[in-house]
Amino acid sequence: MGKVRTLTCPKCQREVPPAERQFFCADCRMILDVQVDLSHLSADFQDKLLRRQDPTIWKWHEFLPVEDLSCIVSLGEGYTPLVHTEALAAATGLERLHVKNDTLLPTGSLKDRSNAVGISKGKEFGVRTAAVVSTGNAAASVAAYAAVAGMQAVVIISADTSQQKVAQAGIYGATIIPVEGPYDQVASIYRAAVEEFGWYDCLSSNPYRLEGKKSYAFETWEQLDGEVPDWMIHCIAGGAGVVAAYKGYRELKGLGWVEKLPRMVVAQADACAPVVRAFERGADEVTPVEAGETIAESIRVGKPSPMATRALWDVKASGGTAVGVSDDEIRSAQSLLARTAGIFGEPSGVVSVAAAIRLKAQGTIRSDDLVVCTVSGHGLKQVGVLDPAYLVSRPIPARLDALRARLEELMR
Ligand SMILES: Cc1ncc(COP(=O)(O)O)c(C=O)c1O
């Protein structure tokens, strides 16, 4: 038997052998869950692992589903800084708020954690064409990893995706197909195309890909010197971040390395918040919502994959919560984070921080709780939504008196 013991359906527990390369449960249509065998890890393994000098997610390769390590495609992803500043703590009233700065991943978003594993697994499978439908960040990430793996990448995007993200996917050499209509409509064509053309699916419906985001648990555990956060807040669309981070912490608990689990928090933009709505209704399943307008374009998914239902289950099981925030709260978290922590996140990427501020204000999170917010995408990926004052300025003539006048005007 290899590293992957089996794949299980999270709903009916049906087991599917890895050799079948099946992604969904044939009965429930849930995305299968990869079970990596950790039973052979000895008592002294923790010391051995922590001594490894590998600043990537692959430091934890025993926990990841790639059997043949020569198939690993790495661009140096992982071990992003866990940032705490006094200024951010003071501004939010959260004394122990830490921000996992995933804007610094190789293609500038959290997608690199999952695609590093998804594409490496694809290489092991002998895949030639990797495909994804994307709100932008997955397009760039799949394109980069596929390029380095020597695969073709086909990315399908909604025609109104930020030009910065599209350009990024293009420079890595992906075949980009813009499709008219909102993401949810575009995604249904993608699913049909995967069937039709036999592409390797790099969406959250690929169970191997999810495993990469378990690295949130492994890295934060190490960066916090073994302390488990009281709250972990993720900006989500499909929900993979919440499901995988929680799974990673459950694996650590199974090994006896931690005693408790974090409370998981789903953060979404209020205008498009299917998981939040399901949580508020007390439902057991996420049902689609109409995607309203929001600046959080990367997580504007009204009809998420069944992974979102798992995120809902994990939020409930962990004693966490789900929060929808407004565009005003997102904008204000974006500038606060930039000015107090030096982190420039895209609107979707800072929804976690906006949620933390809201949860503190309503008394759900206490000021001395240990809180980790993932900031999941770089602000340079979506500059079009910024206050125009940051983008354009009225030039002055090259004279000192003109400079003095402008300074007086601006610094009044
Ligand atoms: C910046 C950003 N944050 C968060 C997400 C949500 O990721 P998921 O819900 O799949 O963990 C996405 C993409 O969907 C994204 O691009």
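Residues numbered from 1 in each chain as written. Predicted model: local features only at pLDDT ≥ 70, side-chain atom pairs only at ≥ 80, totals over all residues.

1. Brief notes about the overall build of the protein
Here comes step 1: The helix and strand tally for the protein stands at 15 helices and 13 strands.
Here comes step 2: Its C-alpha atoms give the protein a radius of gyration of 21 Å, near enough to 22 Å, the size a compact globule of 412 residues would have.
Here comes step 3: When the backbone C-alpha atoms are referred to their principal axes, the protein occupies close to 75 × 45 × 45 Å.
Here comes step 4: Counting all 412 residues of the protein, 50% fall into the buried class. (Helix = DSSP H or I, 4+ residues; strand = E, 2+ residues; numbered from the N terminus. Rg over C-alpha atoms; globule rule 2.2 N^0.38 Å. Buried ≥ 20, exposed ≤ 12 C-beta atoms within 10 Å, placed from the backbone.)

2. Structural notes on the environment of I31
Here comes step 1: Topologically, I31 is positioned in the loop between β2 (15-16) and β3 (33-36).
Here comes step 2: For I31, a count of 27 C-beta atoms within 10 Å puts it in the buried group.
Here comes step 3: Distance from I31 to K48, taken between C-alpha atoms, is 33 Å for residues 17 residues apart in sequence.
Here comes step 4: Ignoring anything within four residues of it in the chain, the contact list for I31 reads F23, F24, S205, P207, S305, P306 and M307. (Contact = placed C-beta atoms within 7 Å.)

3. Comments concerning the pairing of strand β8 (residues 175-179)
Here comes step 1: Pairing between strand β7 (residues 152-158) and β8: five bridges, direction parallel. In the strand pairing of β8, V155 is matched with I176.
Here comes step 2: Handedness of the crossover is the feature at issue here: the chain leaves β7, passes through helix α5 (residues 163-171), returns alongside β8, and the resulting connection is right-handed. (Pairing = 2+ DSSP bridges. Right-handed = clockwise from strand over helix to strand, strands pointing away.)

4. Observations regarding unusual backbone geometry
Here comes step 1: Here the phi dihedral of R21 falls at roughly 50°; this positive angle occurs in a residue that is not glycine.
Here comes step 2: Owing to 11 C-beta atoms within 10 Å, R21 belongs among the exposed residues under this scheme.
Here comes step 3: With a phi angle near 55°, D225 is a residue other than glycine that sits in the positive phi range.
Here comes step 4: For D225, the position within the fold is in the loop between α8 (215-223) and β10 (231-235).
Here comes step 5: Overall, the presence of 6 C-beta atoms within 10 Å leaves D225 in the exposed class.

5. Focus: the domain arrangement of the protein
Here comes step 1: When the domains of the protein are assigned, the result is domain 1 (1-37), domain 2 (43-73 + 109-208) and domain 3 (82-108 + 212-388).
Here comes step 2: Placing the centre of domain 2 and that of domain 3 at their C-alpha centroids yields a distance of 21 Å.
Here comes step 3: Taken together, the elements giving at least two residues each to the side of domain 2 that touches domain 3 come down to α1 (45-51), α3 (111-125), α4 (137-149), α5 and α6 (183-197).
Here comes step 4: Ranked by residues supplied to the side of domain 2 that touches domain 3, first place goes to α3 with seven residues.
Here comes step 5: When the residues that make up the side of domain 2 that touches domain 3 are grouped by side-chain class, the tally is 12 nonpolar, 13 polar and five charged. (Domains from an automatic or database assignment. Nonpolar A, V, L, I, M, F, W, Y, C, P; charged D, E, K, R; others polar.)

6. Regarding the sheet that holds β2
Here comes step 1: One open sheet holds the three strands; their spatial order is β2-β1-β3, and the pairing between them is antiparallel. Unpaired on one side and paired on the other, β2 and β3 mark the two borders of the sheet.
Here comes step 2: Two strands pair when backbone bridges link them, and strand β1 (residues 4-8) and β3 are joined in this way by four bridges, in the antiparallel orientation. Counted as the bridge partner of T6 is Q35 from β3.

7. Examining the site of the ligand
Here comes step 1: Around the ligand there are 19 residues in total, and N137, G241, S298, S376 and G377 lie nearest to it.
Here comes step 2: Considering only residue class, the shell around the ligand consists of six nonpolar, 12 polar and one charged.
Here comes step 3: Two domains each provide a minimum of three residues to the shell around the ligand, namely domain 2 (43-73 + 109-208) and domain 3 (82-108 + 212-388). (Near = placed C-beta within 6 Å.)

8. Let's talk about α5
Here comes step 1: Every buried residue of α5 is listed here: K165, V166, Q168 and A169. Along the long axis of α5, the arc covered by the buried residues comes to 155°, so they all point the same way. Opposite the buried face of α5, at more than 90 degrees from it, the exposed residues are A167 and I171.
Here comes step 2: Lining the buried residues of α5 we find α4, β7 and β8. (Arc of directions from axis to C-beta.)

9. What to know about the packing of α3 against α4
Here comes step 1: Close contact between α3 and α4 brings their axes to 9 Å; oriented N to C, the two are set at 40°. Classified by the angle their axes make, α3 and α4 are oblique. As for the relative orientation of α3 and α4, their crossing is right-handed in sense. Contacts from K111, D112, N115, A116, I119 and K123 of α3 reach α4 at N137, A138, S141, V142, Y145, A146 and A149.
Here comes step 2: Considered class by class, the residues forming the contact of α3 with α4 number seven nonpolar, three polar and three charged. (Axes fitted to C-alpha atoms, helices over the stretch in contact; angles between N-to-C directions. Parallel < 35°, antiparallel > 145°, perpendicular 65-115°, else oblique. Left-handed = near helix turned anticlockwise from the far one by under 90°.)

10. Remarks on the nonpolar core
Here comes step 1: Counting 116 residues, the largest nonpolar core has V142, V155, V265, V275, V351 and A356 as the members making the most contacts within it.
Here comes step 2: In this view, V351 contacts C235, A267, Q268, A269, A296, I299, V325 and I330; residues no more than four positions away in its chain are not counted. (Core = buried A, V, L, I, M, F, W, Y, C linked by C-beta atoms within 7 Å.)

11. Description of the sheet that holds strand β11 (residues 263-269)
Here comes step 1: An order of β4-β5-β13-β10-β11-β12 is seen for the six strands of this open sheet, with the pairing classed as mixed. Of all the strands in the sheet, the pair left with one neighbour each is β4 (82-83) and β12 (321-325).
Here comes step 2: Across five bridges, β11 lies against β12 in parallel orientation. Looking across to β12, one finds that A269 is bridged to V325.

12. Considerations on α8
Here comes step 1: For α8, the complete set of buried residues consists of S215, Y216, A217, F218, E219 and T220.
Here comes step 2: Buried residues along α8 sit in contact with β4, β5 (96-101), α3, α9 (240-254) and β13 (370-375).
Here comes step 3: Immediately downstream of α8, the backbone of D225 shows phi near 55°, a positive value.

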